[in-house]
Amino acid sequence: YFDGISSAMEDEAFSNISGKAISLDCQTHSSFCREFTVSSPKMSIGKVMVYTCSVWLLAYAVFFFTENTAVLSSAILITLTGMMLHIHFVKVDHESLLVIGSLGIQVSSNYASGREVTTFIEMSRIKDIVINEAIIYYLCVLLKEPSEPNVVSSVVPLFQSSKPRLNCLAKVYKSCQEILSKCQ
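Residues numbered from 1 in each chain as written. Predicted model: local features only at pLDDT ≥ 70, side-chain atom pairs only at ≥ 80, totals over all residues. Heavy atoms only, no water.

Before going further, it helps to spend a moment on empty space enclosed by the protein. Tallied over the entire structure, the rule returns 1 cavity of 30 Å³ or more. In this model, the largest cavity occupies a volume close to 40 Å³. Forming the walls of the largest cavity are Ile136, Tyr137, Tyr138, Leu139, Leu158, Phe159, Gln160, Lys163, Pro164 and Leu169. In terms of residue count, strand E9 (residues 137-144) provides more of the lining of the largest cavity than any other element does, 3 residues in total. The residue makeup of the lining of the largest cavity, split by class, is 8 nonpolar, 1 polar and 1 charged. (1 Å grid on protein atoms, 1.4 Å probe; cavity = no way out; pocket = protein on both sides within 12 Å on 5 of 7 lines; lining within 4 Å. Points joined across faces, edges and corners; volume = space filled by probe spheres on them. Helix = DSSP H or I, 4+ residues; strand = E, 2+ residues; numbered from the N terminus. Nonpolar A, V, L, I, M, F, W, Y, C, P; charged D, E, K, R; others polar.)

Laid out in structure tokens, this is it:
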């Protein structure tokens, strides 16, 4: 399945639930350690220009009738602030899942601004990794109740920003199960 250090899964095309192309990069660091990175399409400069021009044209139209310069200044400040907030808190460039055999799982989201959010889940807290079906399919980690190991205490969804389709989730799931089976 994984022969070598890195496999870009180029023989298979992946898309998200909206039909937009995404990429899956799989790296095998050892037989007990694999990393999966799902990358989303970059932000379209065309869309940014359309939104910005629309807001500024609307502000100019209001300015034309009111002759109030505060309208133009407000429009500029609102669009710049909105774009900065969007790239810092909303637009995720890529999400990664690092599975380390007996140690645990690290989940990371990298935003367009360069900000990174990382969470680590110890292996002792993990009951299983499954593909769950709600309205969409998603990969999730089932966490054990510390006092009752057979009870699921919570569910941690993975790849929530990129929202890959089932074929992509299945590749990650199979590889995660290989590692988990070696650790039990």
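After presenting the structure, the write-up continues.
One recurring pattern in soluble globular proteins is that nonpolar side chains are buried together. Core analysis: the biggest nonpolar cluster contains 25 residues, and Phe36, Leu97 and Phe159 have the highest contact counts within it. Listing elements by their share of this core, those giving two or more residues are strand E3 (21-30), strand E4 (33-39), strand E5 (92-100), strand E6 (104-111), strand E8 (126-133), E9 and helix H3 (166-183). For this core, the leading source of residues is H3, giving 6 residues. Excluding residues within four positions of it along the chain, Phe159 makes contact with Phe36, Val38, Glu95, Ser96, Leu97, Leu139, Pro164, Leu169 and Val172. (Core = buried A, V, L, I, M, F, W, Y, C linked by side-chain atoms within 4.5 Å. Buried < 20%, exposed > 50% of the residue type's maximum accessible area, 1.4 Å probe, protein only. Contact = heavy atoms within 4.5 Å.)

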